[in-house]
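# Overview (structure and organization)
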Amino acid sequence: MTTLSPAPTTASPDWAPFRVLLETQRADCVRQRELALAETATSMPDLVTVNRAASLLRTIEEIEAALERIAAGTYGTCVRCGSAVPAERLEFRPFAAACVSCQETR
């Protein structure tokens, strides 16, 4: 199994593997959302398809925010408490903005 953990350094971590993963996931979400929107335009819009398109848009926005955090140098830091977000969490959900503790209290 390939792990995306940043290389251990004394300087800031190398988030390049996560950037690639996020960009790939964003492209996939955009494609899926376009398909869902096309489906609602060609047929009678159903609630499931509309909700799917809305959910994909939220995910795209979360991915874009994660990419912005990488650019700003704050990726991997909880946006609520400032503690480090474990690499395992970022591997599972690379656009996670909060640590598990803060996310659970949300």
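These numbers come from a predicted model, not from an experiment. (Residues numbered from 1 in each chain as written. Predicted model: local features only at pLDDT ≥ 70, side-chain atom pairs only at ≥ 80, totals over all residues. Heavy atoms only, no water.)

## Concerning the overall build of the protein chain
Our working definition: Here a helix means four or more residues in a row that DSSP labels H or I, a strand means two or more in a row labelled E, and each is numbered from the N terminus. Each residue's exposure class comes from its accessible area (1.4 Å probe, protein chains only) as a fraction of the maximum for that residue type: buried when under 20%, exposed when over 50%, partly exposed otherwise. Contacts: residue pairs with any heavy atoms within 4.5 Å of one another. To measure how exposed things are, a 1.4 Å probe is used in the Shrake-Rupley method; for residues, cover is taken only from the protein chains shown.
Helix and strand content of the protein chain: four helices and zero strands. Across the 106 residues of the protein chain, 27% fall into the buried class. Within the protein chain, residue pairs in contact and separated by at least 24 positions form 52% of the contacts whose partners lie at least 6 positions apart. Summed over its atoms, the accessible surface of the protein chain is roughly 6900 Å², and 57% of this surface lies on carbon and sulfur atoms.

## Things to note about the UniProt feature "domain: Zinc finger DksA/TraR C4-type" (unreviewed entry) in the protein chain
Heads up, the condition is: UniProt positions are given in the numbering used here, feature names are shortened, and annotations may be inferred rather than shown by experiment.
Mapped onto this numbering, the UniProt entry gives "domain: Zinc finger DksA/TraR C4-type" (unreviewed entry) at residues 73-105. End C-alpha atoms of residues 73-105 are separated by 25 Å, and the span's content is 36% helix alongside 0% strand.

## So, the UniProt feature "zinc finger region: dksA C4-type" (unreviewed entry) in the protein chain
When the UniProt feature table is mapped to this numbering, "zinc finger region: dksA C4-type" (unreviewed entry) covers residues 78-102. Summarising residues 78-102: 36% helix, 0% strand, and an end-to-end C-alpha distance of 8 Å.

## Side note on the pattern of salt bridges
Basically, it comes down to this: Counted as salt bridges are all cases of a side-chain nitrogen of Lys or Arg within 4 Å of a carboxyl oxygen of Asp or Glu.
Scanning the model with the defined rule gives three salt bridges in all. For R31, the salt bridge goes to D28, with nearest N and O atoms at 3.9 Å. Residue R31 and its partner D28 are located together in helix α1 (residues 16-42), separated by three residues, close to a single helical turn. We classify R31 as partly exposed; its relative accessible area is 49%. Among the ionic pairs, R93 bridges to E62, the shortest N-O distance being 3.0 Å. Pair noted here: R93 is in the loop between α3 (87-92) and α4 (100-105) and E62 is in helix α2 (residues 47-72), with a separation of 31 residues, a long-range link.

## Thoughts on the packing of aromatic side chains
Heads up, the condition is: Within 6.5 Å between ring centres, the rings of Phe, Tyr and Trp (the latter by its six-membered ring) count as paired, and their orientation is classed by plane angle as stacked under 30 degrees, edge-to-face over 60, tilted in between.
Going through the model one piece at a time under the given rule, you end up with three aromatic pairs. With 5.4 Å between their ring centres and 65 degrees between their planes, W15 and F18 make a pair best called edge-to-face. The pair W15 / F18 is uniform in exposure class, with both members buried. Aromatic side chains F18 and Y75 sit 5.8 Å apart centroid to centroid with 50 degrees between the ring planes, which places their arrangement in the tilted category.

## What about α1?
In plain terms, the rule: Under the convention used throughout, the expected extent of a helix is 1.5 Å for every residue step, that is, one less than its residue count.
In a regular helix each residue adds 1.5 Å, so 27 residues correspond to 39 Å; α1 covers 39 Å between its end C-alpha atoms and thus fits that length. Listing the buried residues of α1 in full gives F18, L22, C29, A36 and T40. Next to the buried residues of α1 lie α2 and α3.

## Re the state of the cysteines
To keep things clear, this is the line we draw: By definition, disulfides here are pairs of cysteine sulfur atoms that lie within 2.5 Å.
Scanning the model with the defined rule gives zero disulfides in all. Of all cysteine sulfurs in the structure, the one in C102 sits closest to C99, which takes part in no disulfide; the separation is 3.6 Å.

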